[in-house]
Amino acid sequence: MSPASRPLTDPAPPPLLPLPDDWQRALAVVAHPDDLEYGCSAAVAAWTAAGRDVTYVLATRGEAGIDTLAPRDAGPLREKEQLAGAAAVGVSVVEFLDHHDGVIEYGLGLRRDIAAAVRRHRPELLITLNHHATWGQGAWNTPDHVAVGRGVLDAAADAGNRWIFPELGERGLDPWNGVRWVAVANSPAPTHAVPAAPGFERAVDALLAHRTYLEALTDEEPETYVRRFLTTTTRAHSARFGGEPAAVFELFAR
């Protein structure tokens, strides 16, 4: 077969590695209520069941996320649903930074707020959602996800430098250089994974907690939709993880 007629094939992607588990405290920072429930709550459920501490920080209250509800009504409702979703996977601390849903701006203000959260909670593992311009299959990502994801990656270093945002030190938030990894959930370029089966049912409960949002999003019965979505996404990369359903992450080590 000549080079011109040889079929062009991409090399098989490498196996996904197990996400490191030699840590005790994690901080998940995302843009909206439901981001973590769509992204990696099966992993969170397994972590909290193993006695690890996970805290959630949300940049917004998701107030612009339901077309049929005005932001003043949607915000409190989505906050309540997020608290229930977090509780379903063993997370008791949820904070909101009150940036504006849909128009989060990447910049110093966002970096400062995330760095402050890192200094408050002093995690070893930082978690966020896909910061790339697209999802898998080329679907365009939202500006909020991109801005917050980038902000988390930058704030991992900002939090440890006393000369960046010195006003945080004046507020009693001492530098924290203990972030060892940033794990980006649902990245189109995953490198690591956590088995999804042990936490799957609690992940279903967590996403179902966003019932008002789901009912506005789809005409499908909520539990049918949630089980189908989470089954599909946790099996999307199982061939790279020994056939196991998995929550996948792009891992950055520091």
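See the structure printed just above.
Presented here is a report on the structure given in the accompanying data block. Because the structure is a prediction, the values reported are computed rather than measured.

Cut-offs applied
- Residues numbered from 1 in each chain as written.
- Predicted model: local features only at pLDDT ≥ 70, side-chain atom pairs only at ≥ 80, totals over all residues.
- Heavy atoms only, no water.
- Helix = DSSP H or I, 4+ residues; strand = E, 2+ residues; numbered from the N terminus.
- Buried < 20%, exposed > 50% of the residue type's maximum accessible area, 1.4 Å probe, protein only.
- Contact = heavy atoms within 4.5 Å.
- Core = buried A, V, L, I, M, F, W, Y, C linked by side-chain atoms within 4.5 Å.
- Phe/Tyr/Trp six-rings, centres within 6.5 Å; stacked < 30°, edge-to-face > 60°.
- Lys NZ or Arg CZ within 6 Å of the ring centre and 35° of its normal.

## As for the environment of L251
Thought 1: If you trace the backbone, L251 turns up in strand β8 (residues 246-253).
Thought 2: Here L251 falls in the buried class, since its relative accessible area comes to 16%.
Thought 3: For L251 and A185, which are 66 residues apart along the polypeptide, the C-alpha to C-alpha distance reads 8.9 Å.
Thought 4: Those residues in contact with L251 that sit more than four places away from it in its chain are L19, P20, W181, V182, A183, T191 and H192.

## Focus: the nonpolar core
Thought 1: One finds W47, Y56, L125 and F249 to be the most contacted residues of the largest nonpolar core, which totals 30 residues.
Thought 2: Taken together, the elements giving at least two residues each to this core come down to β2 (25-30), α2 (41-49), β3 (53-58), β4 (94-96), β5 (125-129), β6 (181-185) and β8.
Thought 3: The residues touching L125, leaving out its near neighbours within four places in the chain, are L19, W23, R25, A26, L27, W47, W181 and A183.
Thought 4: L27, V148, V152 and A155 belong to the second largest nonpolar core, which has 26 residues in total.

## Quick look at the packing of aromatic side chains
Thought 1: In this structure the tally under the stated criterion is four aromatic pairs.
Thought 2: When the centroid spacing of 5.2 Å and the interplanar angle of 85° are considered together, the rings of W23 and W47 count as edge-to-face. Of this pair, W23 sits in the loop between β1 (17-18) and β2 while W47 is found in helix α2, placing the two residues 24 residues apart along the sequence.
Thought 3: Ring plane angle 90° and centroid distance 4.9 Å describe the contact between Y38 and F229, whose orientation is recorded as edge-to-face. One end of the pair, Y38, is in helix α1 (residues 35-39); the other, F229, is in helix α9 (residues 222-235), with 191 residues separating them in the sequence.
Thought 4: An aromatic cluster is present here, built from W23, W47 and F249 joined pairwise through their rings.
Thought 5: Sitting over the ring of Y106, R150 keeps its end group 4.0 Å from the ring centre.

## Quick notes on unusual backbone geometry
Thought 1: The phi dihedral of D34 is positive, around 85°, even though this residue is not glycine.
Thought 2: Within the fold, D34 resides in the loop between β2 and α1.

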